[in-house]
Amino acid sequence: HVEDNVDAALATRVTYSSVVAATSASGTSTSETIDSATFEQVFVPSAAECRVSVTRQRAPQPGARSPCDGLANLCALQDYDTDAAACSYYRDLQEASSGTVHGSTEWRSYLPWLYYRDSSSALRDTSLDLRVAVGQAAEDAGLGTTRLRYVLNSFSLNGTWLGLTNLTTQLQLCGGAAADLSAFTRVGARFRQECSLSVETDLAALAAELGADRPAGLQRELRGGFHELYVRDASGALFPVPVRVVNLPGGANVNGAADTFGSLPTAAGSAELDDVLTRRFFLVDALSGRKAGAEEGEGPAVVRYARRLRLIVRVREGAPDRIFPPLLEVEYAEAFTAAGGAPAGSVVPASFEAVYVMDLVQYWAGVSIVIVFACV
């Protein structure tokens, strides 16, 4: 029984460490801990059914809800903290699993892959078979592809698979013109987008849509879902893209200070090579912030979202037509909602950026693109 191994009260407790306390984009932050109705509903069933899947080597039916993916999503919501109940239970099930997937010690049979064991190897992996080039003429001449093709593998909170979708604009919470928003896939181009989001209409309102009997629609499901990012290689096969959560907890901020977003990256140095890299991330969490005992239909007191996302592509030294695996950096933040006592009209900042870099020098081959939106 899950209850025999886990303190039920602690298992449903969620701490939000970066809650924006002001109504402006430059507001300060505080911390808030709640007993989550969502964790109450999802944790025990997911953990118990996942143990059955692992110990009895029973995979879910295609298209059916995967309890192990539900457990993995709760771990992602708890910042991959191995002391948190969902992550601790996931680690226990890793030990109980008798096999591996693709020979990876971290990717165990009947479980999703969450952690990288060796960040240095992941960031310096040269097995990505993909030649890149700048400009259509170079692609026509067979020198390489001028656009990277990314794919999202997505799940709803309870572990239901939402399918594979080509990455176009899903990471860009600010919205805008689709023709402009696809520019980040062009090799050598820099893309930046920033805006202010309404806490109520852009973030908190998603809770009612995801909780409704009628499906919210794929785009809304993806905004409130959990994702693994891949890039297609030359053959079209999917190659995993690691995720670096910048404000991941753990001692003195294990992955470095959040303000590292203020400077552009260079080569993966020693400070980055010992970071914690993970697989799964989310864009908007409008469900875990609903307090236990809340009235029917009451929205979340706190919403969590990806305040900053940065997609980094590093060119290999001495091989400008080859790249290391891309890296997705995420910084999460939280905000009080109207149900949590926030004033009407509260807004929070958001940004998305894509950069191409090479050792020590910014890789600005091609056209530099900077796009700024003001969406409130």
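Everything below is about the structure printed above this text.
Computed from a prediction, not measured in an experiment: that's the story for all the values here. (Residues numbered from 1 in each chain as written. Predicted model: local features only at pLDDT ≥ 70, side-chain atom pairs only at ≥ 80, totals over all residues. Heavy atoms only, no water.)

Caption draft 1: Expanded view of unusual backbone geometry. In the Ramachandran plot, glutamine 57 falls in the positive-phi region, its phi being about 50 degrees despite a non-glycine side chain. Inspection of the secondary structure assignment puts glutamine 57 in the loop between α3 (37-55) and α4 (67-77). (Helix = DSSP H or I, 4+ residues; strand = E, 2+ residues; numbered from the N terminus.)

Caption draft 2: Just the pattern of salt bridges, in detail. Going through the model one piece at a time under the given rule, you end up with 18 salt bridges. Linking aspartate 69 and arginine 280 is a salt bridge whose minimum nitrogen-to-oxygen distance equals 2.8 Å. Here the residue aspartate 69 occupies a position in helix α4, and arginine 280 occupies one in strand β11 (residues 280-282), the gap between them amounting to 211 residues. Taken individually, aspartate 69 and arginine 280 each receive the classification buried, so the pair is uniform in this respect. If you follow the salt bridges from partner to partner, you end up with Arg190, Arg192, Glu194 and Glu353 in one network. (Salt bridge = Lys/Arg side-chain N within 4 Å of Asp/Glu carboxyl O. Buried < 20%, exposed > 50% of the residue type's maximum accessible area, 1.4 Å probe, protein only.)

Caption draft 3: Quick look at the pairing of strand β14 (residues 319-323). Note: strand β13 (residues 302-316) against β14, two bridges, orientation antiparallel. Its bridge partner being in β14, valine 315 is matched across the sheet by isoleucine 323. Hairpin geometry of β13 and β14 is characterised by an intervening segment of two residues between the two adjacent antiparallel strands and by a positive phi of about 80 degrees at glycine 318. (Pairing = 2+ DSSP bridges.)

Caption draft 4: Quick look at the packing of α3 against helix α5 (residues 85-96). Orientation of α3 relative to α5, taken along the N-to-C sense of each, is 5 degrees, at an axis distance of 10 Å. For the element pair α3 / α5, the angle class is roughly parallel. Contacts from Phe43, Ala47, Cys50, Arg51 and Val54 in α3 reach Ala85, Ala86, Tyr89, Asp92, Leu93 and Ala96 in α5. Grouping the amino acids of the contact of α3 with α5 by side-chain chemistry returns nine nonpolar, no polar and two charged. (Axes fitted to C-alpha atoms, helices over the stretch in contact; angles between N-to-C directions. Parallel < 35°, antiparallel > 145°, perpendicular 65-115°, else oblique. Contact = heavy atoms within 4.5 Å. Nonpolar A, V, L, I, M, F, W, Y, C, P; charged D, E, K, R; others polar.)

Caption draft 5: Seen up close, the state of the cysteines. Tallied over the full model, the rule gives three disulfides. Bridging cysteine 75 to cysteine 87, the disulfide has an S-S length of 2.1 Å. A torsion of 110 degrees about the S-S bond marks the disulfide between cysteine 75 and cysteine 87 as right-handed. On the criterion of sequence distance, the pair formed by cysteine 75 in helix α4 and cysteine 87 in helix α5 is long-range, its members being 12 residues apart. Taken individually, cysteine 75 and cysteine 87 each receive the classification buried, so the pair is uniform in this respect. Covalent S-S linkage joins cysteine 174 and cysteine 195, the inter-sulfur distance amounting to 2.1 Å. (Disulfide = S-S within 2.5 Å.)

Caption draft 6: Quick peek at a nonpolar patch on the surface. A contiguous nonpolar patch, built from Trp161, Leu164 and Leu238 and spanning about 280 Å² of accessible area, is present on the exposed surface. Relative to the elements of secondary structure, tryptophan 161 occurs in strand β6 (residues 161-166). Judged by relative accessible area, tryptophan 161 falls into the partly exposed class, the value being 42%. (Patch = residues over 30% accessible without salt bridge, like charges linked within 9 Å, V, L, I, M, F, W, Y side chains within 5 Å. Areas by Shrake-Rupley, 256 points an atom, 1.4 Å probe, with all protein chains shown as cover.)

Caption draft 7: Focus on the packing of aromatic side chains. Counting across every chain of the model gives 11 aromatic pairs. With 6.4 Å between their ring centres and 65 degrees between their planes, phenylalanine 184 and phenylalanine 191 make a pair best called edge-to-face. Aromatic side chains phenylalanine 184 and phenylalanine 352 sit 5.3 Å apart centroid to centroid with 85 degrees between the ring planes, which places their arrangement in the edge-to-face category. Taken together, the residues span a long stretch of sequence, with phenylalanine 184 in the loop between α8 (178-181) and β7 (191-198) and phenylalanine 352 in strand β16 (residues 347-358) at a distance of 168 residues. Relative accessible area serves as the criterion here: at 0%, phenylalanine 352 is assigned to the buried category. (Phe/Tyr/Trp six-rings, centres within 6.5 Å; stacked < 30°, edge-to-face > 60°.)

Caption draft 8: A look at the packing of α4 against α5. Their axes nearest at 8 Å, the elements α4 and α5 cross at an angle of 135 degrees. By the angle between their directions, the pair α4 and α5 is classed as oblique. Once α4 is placed against α5, the crossing between them reads as left-handed. Contacts between α4 and α5 involve Leu71, Leu74 and Cys75 from the former and Ala86, Cys87, Tyr89, Tyr90 and Leu93 from the latter. Grouping the constituent residues of the contact of α4 with α5 by class yields eight nonpolar, no polar and no charged. (Left-handed = near helix turned anticlockwise from the far one by under 90°.)

Caption draft 9: Layout of α3. For α3, spanning 19 residues, the distance from its first C-alpha to its last is 28 Å, which sits close to the expected 27 Å at 1.5 Å a residue. For α3, the set of buried residues is Ala37, Thr38, Phe39, Val42, Phe43, Ser46, Ala47, Cys50, Ser53 and Val54. Structurally, the start of α3 carries an N-cap: the backbone nitrogen of threonine 38 is 3.2 Å from a side-chain oxygen of serine 36. The first or second residue beyond α3 is glutamine 57, which carries a positive phi of 50 degrees. (Expected span 1.5 Å × (residues − 1). Polar contact = N/O pair within 3.5 Å; in protein donor to acceptor, adjacent residues only side chain to side chain.)

Caption draft 10: View of the nonpolar core. Counting residues in each nonpolar core, the largest one holds 87 residues, and the members touching the most others are Leu71, Leu148, Tyr150, Leu229, Phe281, Tyr305 and Leu328. Non-local contacts of phenylalanine 281, meaning those with residues more than four positions away in its chain, are made with Tyr80, Leu152, Leu171, Gly225, Phe226, His227, Glu228, Leu229, Val243, Leu328 and Tyr332. Leu123, Leu277, Ile312 and Val355 belong to the second largest nonpolar core, which has nine residues in total. (Core = buried A, V, L, I, M, F, W, Y, C linked by side-chain atoms within 4.5 Å.)

Caption draft 11: Quick look at the environment of arginine 280. By relative accessible area, arginine 280 is classed as buried at 1%. Remark: the alpha-carbon pair of arginine 280 and glutamate 228, spanning 52 residues in sequence, is separated by 5.0 Å. Side chain to side chain, arginine 280 and aspartate 69 meet in a polar contact 2.8 Å long.

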